[in-house]
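Examining the three-dimensional arrangement
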Amino acid sequence: MLSEYIKPLTIGNVTLKNNIIAAPVAGFSDFAFRTLCSRFGAGLTVTELTSAKGLCYNSKATYELIHTTEEESPKCIQIFGCEPEFIEKACRDERLSKFDIIDINMGCPMKKIVNNGEGSALMKNPELIEEIVKAAVRGSNGKPVTVKMRAGYVMGYPTAVECAIAAQDGGASMVAIHARYRDQMYAGEADHTITAKVKEALSIPVIANGDIDSIPSLEKVAKITNADGFMIGRGMLGKPWIFEQLTDKHNEINIKSVIYEHIELLKELYSEPRIANVMKGQLCYYARNTRHAKAIRMSTSQIKDIESLKAVVDEYLDVNVLF
Ligand SMILES: Cc1cc2nc3c(=O)[nH]c(=O)nc-3n(C[C@H](O)[C@H](O)[C@H](O)COP(=O)(O)O)c2cc1C
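Quick summary incoming for the structure in this document. All of these numbers come straight from a predicted model, not from anything done at the bench.

**Focus on the pattern of salt bridges**
A complete count under the given rule lists 15 salt bridges for this structure. Ionic pairing is found between D211 and R180, a salt bridge with its closest N-O pair at 2.7 Å. Of this pair, D211 sits in the loop between strand 10 (206-209) and helix 9 (215-225) while R180 sits in strand 9 (residues 174-181), and the two are 31 residues apart along the sequence. On the basis of relative accessibility, which here comes to 40%, the residue D211 falls in the partly exposed class. With a closest N to O distance of 3.4 Å, K256 and D314 form a salt bridge. Of this pair, K256 sits in helix 11 (residues 255-266) while D314 sits in helix 14 (residues 306-316); the two residues are 58 residues apart in sequence, bridging distant segments of the chain. Members of the salt-bridge network, linked through shared partners, are R39, E71 and E261.

**Some thoughts on the side chain of S38**
Following the sequence through the fold, S38 ends up in helix 1 (residues 31-39). Judged by relative accessible area, S38 falls into the buried class, the value being 10%.

**Observations regarding the nonpolar core**
Taken as a class, soluble globular proteins show a tendency for nonpolar side chains to be buried jointly. Judged by nonpolar contacts, the single largest core of 64 residues is most densely connected at M236, F243, I259, M279, L283, Y286 and L317. Taken domain by domain, this core gets at least three of its residues from each of domain 1 (9-247) and domain 2 (252-322). With residues near it in sequence (within four places) discarded, I259 still touches M279, L283, Y286, V313 and L317. Counting residues in each nonpolar core, the second largest holds 42 residues, with L55, I77, F99 and A167 among its members.

**Here we look at helix 14**
Among the residues of helix 14, those classed as buried are I306, L309, K310, V312, V313 and Y316. Seen from one end, helix 14 has its buried residues packed into an arc of 155°, which puts them on one side. The outward face of helix 14, more than 90 degrees from its buried face, is lined by the exposed residues E307 and E315. On its buried face, helix 14 is in contact with helix 11, helix 12 (272-286) and helix 13 (293-300). For helix 14, the side-chain oxygen to backbone nitrogen distance between the N-cap and E307 is 3.3 Å, and the N-cap itself is D305.

The rules we used
- Residues numbered from 1 in each chain as written.
- Predicted model: local features only at pLDDT ≥ 70, side-chain atom pairs only at ≥ 80, totals over all residues.
- Heavy atoms only, no water.
- Salt bridge = Lys/Arg side-chain N within 4 Å of Asp/Glu carboxyl O.
- Helix = DSSP H or I, 4+ residues; strand = E, 2+ residues; numbered from the N terminus.
- Buried < 20%, exposed > 50% of the residue type's maximum accessible area, 1.4 Å probe, protein only.
- Core = buried A, V, L, I, M, F, W, Y, C linked by side-chain atoms within 4.5 Å.
- Domains from an automatic or database assignment.
- Contact = heavy atoms within 4.5 Å.
- Arc of directions from axis to C-beta.
- Polar contact = N/O pair within 3.5 Å; in protein donor to acceptor, adjacent residues only side chain to side chain.

Below you can see the structure in the form of structure tokens.
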């Protein structure tokens, strides 16, 4: 490993080969992207947030969100909800058996979620957190249940320690802290001193999340938090090889070949126009450290087929990255 802080991690009865986790990122971390993260050595991948009620009612959106490949391993499904009955029922869903871990979202800041009392709104109610985790543990048939939360809801008023203790008391096997408040959404700095306090208070593993995208940033957060593992969000977008970069010796990749792999994986579930649409968003990230981000956005805006998409990739992204 490239850093003394990167090592195997055990969550309940699941042992990860390393403690670097691919964060859930709605709109980006679908089954194809997560499979690439696994290929590049992520210790664990996590699905986008998936509605517990949607699972119970078998909605079409849910069907796509829980799609996975065998190669994506080990893997965690993230569900959200605020009603213990639905959480328990969702955890009993046979389709979740292909996942190794079940995570509960207690960090989503979006209005439509928090207005229902879900996501980060749960950080105002530690008693309910404990109930929800207990319900998930009852339904999960021995699979570890984990929680991803924030520093707190209102800026400057951290509730992570009491909420994480409630999760642990409910039977959670790990807690991940995105060290921003709900009020911050994704802006401003993460305050990792709050994660340090959570780590001190818990006996289960604590994962640090927020602004980690390199060995130096990981080591900085590790020193502040003493965390057991690290979760990478925006730093992995358009850069699934970050997991190899963090865990392996120096290497070289070709961006075009990674994008071609990405397209091949998407064919398992999506139609051609859908793949073109999904990849347009992903390409902006693949291009973000090149000079061609704007040109790519403009050349792909009308594209609906894979051949034309690949022509743009051939023109602008046949680039080798050394790390
Ligand atoms: C577009 C976007 C979508 C996200 N979707 C989810 C999600 O579905 N579930 C979740 O727990 N966090 C979600 N997050 C939060 C990330 O997992 C992560 O906590 C956050 O981006 C901070 O980490 P970073 O600084 O490494 O990006 C999302 C973040 C972004 C930017």
